[in-house]
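# Chain and residue survey
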Amino acid sequence: KTGRAVEKPLPLHERPLDLVFVFWFIAFAFSTLTTDYHNFMASHKGVKVHQLDQFNLPWPPKIVTSAYLAWGRTVDPLLLDNPVWFQAMEWVNLVYLTPMSFVLIYAFVTGKAWVQKHAIVHSAFMFYSLCLCLAAALVGDLEDRSPHPDIYKGIYIPYLLFPLAVLWRVWGDDPFCESTVHAQKSGFRKIIDMIVINGMLITLGMFFYTVYVWFCRFGDTVFHEHPGI
């Protein structure tokens, strides 16, 4: 019986694009464990999200909770409204997407081809959930619409585009082997990869610039107590 020989994965330093994806998975896991955790905890305690500042939560640090509530007040009221469908989404984020992010980090660093299907499910769900959030915040009910859609889009668009980039990266044959990586460096695939890479870098730049803009406009509210919403 003959078949295609199994190739060893290229080391990570020869797959520099995958370093960006590793950073993305780390950032996503960190954000769900420090910010999305509030919506999970509010539903668990049976209280409104804005009431969490009345509790001595074991995690995250108080300054993170203050920043999260300030973000909800100024840009993303959907987080404070915390409807049932949003709570369900956050449970999936914490129970499945966050642990899977650590699996994806390991797989991308070590070049494990078995991660393809997991990466597709992970990215597809994230893309779908962000479509729901964007619709609610931009054209949904008035109480959930963002009062600053420019800032909103600057922060959340990466959560829409990076999953698409991950899907592009893992689609097809073993994405980490030498023949596949080299094939991606030639022809049409190379052009698309350059577009994806530049798009990711621009998206990251937009994200951090938007964070800076938000802190310039509203950062002082993070360090002061506010009445309940």
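Residues numbered from 1 in each chain as written. Predicted model: local features only at pLDDT ≥ 70, side-chain atom pairs only at ≥ 80, totals over all residues. Heavy atoms only, no water.

What follows deals with a nonpolar patch on the surface. Taken together, Leu33, Trp59 and Phe102 make up a surface patch of nonpolar side chains, about 290 Å² in accessible area. Turning to its location among the elements, Leu33 is positioned in helix H1 (residues 16-45). With a relative accessible area of 33%, Leu33 lands in the partly exposed category. (Patch = residues over 30% accessible without salt bridge, like charges linked within 9 Å, V, L, I, M, F, W, Y side chains within 5 Å. Areas by Shrake-Rupley, 256 points an atom, 1.4 Å probe, with all protein chains shown as cover. Salt bridge = Lys/Arg side-chain N within 4 Å of Asp/Glu carboxyl O. Helix = DSSP H or I, 4+ residues; strand = E, 2+ residues; numbered from the N terminus. Buried < 20%, exposed > 50% of the residue type's maximum accessible area, 1.4 Å probe, protein only.)

On to the pattern of salt bridges. This structure, assessed with the given rule, holds three salt bridges. A salt bridge links Arg15 to Asp18; the shortest N-O distance between them is 2.5 Å. Its relative accessible area of 3% is what places Arg15 among the buried residues. When its relative accessible area of 1% is taken as the criterion, Asp18 is described as buried. In this structure, Arg169 engages Asp18 in a salt bridge whose closest nitrogen and oxygen atoms are separated by 2.7 Å. Of this pair, Arg169 sits in helix H6 (residues 149-170) while Asp18 sits in helix H1; the two residues are 151 residues apart in sequence, bridging distant segments of the chain. Owing to a relative accessible area of 4%, Arg169 belongs among the buried residues under this scheme. Here the salt bridges share partners, and the residues they tie into one network are Arg15, Asp18 and Arg169.

This part is about the packing of H1 against helix H4 (residues 84-110). With their axes 8 Å apart at the nearest point, H1 and H4 run at an angle of 155° to one another. If you check the angle between H1 and H4, you find them roughly antiparallel. Crossing hand, H1 versus H4: left-handed. Residues that form the contact of H1 with H4 fall into these classes: 18 nonpolar, seven polar and three charged. (Axes fitted to C-alpha atoms, helices over the stretch in contact; angles between N-to-C directions. Parallel < 35°, antiparallel > 145°, perpendicular 65-115°, else oblique. Left-handed = near helix turned anticlockwise from the far one by under 90°. Nonpolar A, V, L, I, M, F, W, Y, C, P; charged D, E, K, R; others polar.)

The geometry of H1 relative to helix H2 (residues 62-74) is characterised by a closest axis approach of 10 Å and an angle of 70° between their N-to-C directions. Judged by the angle between their axes, H1 and H2 are roughly perpendicular. Handedness of the H1/H2 crossing: right-handed. Residues Thr34, Thr35, Asp36, His38 and Asn39 of H1 lie in contact with H2, whose contacting residues are Val64, Thr65 and Tyr68. (Contact = heavy atoms within 4.5 Å.)

Under the criterion given, the structure shown has 16 aromatic pairs. Plain terms: the ring middles of Trp24 and Phe28 are 6.3 Å apart, the flat faces sit at 40° to each other, and that makes the pair tilted. Of this pair, Trp24 and Phe28 both sit in helix H1, four residues apart, which is roughly one turn of the helix. With a relative accessible area of 6%, Trp24 lands in the buried category. Phe28 sits in the buried class, given a relative accessible area of 4%. Plain terms: the ring middles of Trp214 and Phe215 are 4.9 Å apart, the flat faces sit at 75° to each other, and that makes the pair edge-to-face. Overall, Trp214 belongs to the buried group, its relative accessible area being 5%. (Phe/Tyr/Trp six-rings, centres within 6.5 Å; stacked < 30°, edge-to-face > 60°.)

Another point: the nonpolar core. Counting 55 residues, the largest nonpolar core has Phe21, Phe25, Trp71, Phe108 and Tyr156 as its most contacted members. Of all the elements in the fold, those that place two or more residues in this core are H1, H2, helix H3 (77-81), H4, helix H5 (116-139), H6 and helix H8 (187-218). With residues up to four places along the chain from it excluded, the contact list for Trp71 reads Asp76, Leu79, Ile151, Ile155, Tyr156 and Trp214. (Core = buried A, V, L, I, M, F, W, Y, C linked by side-chain atoms within 4.5 Å.)

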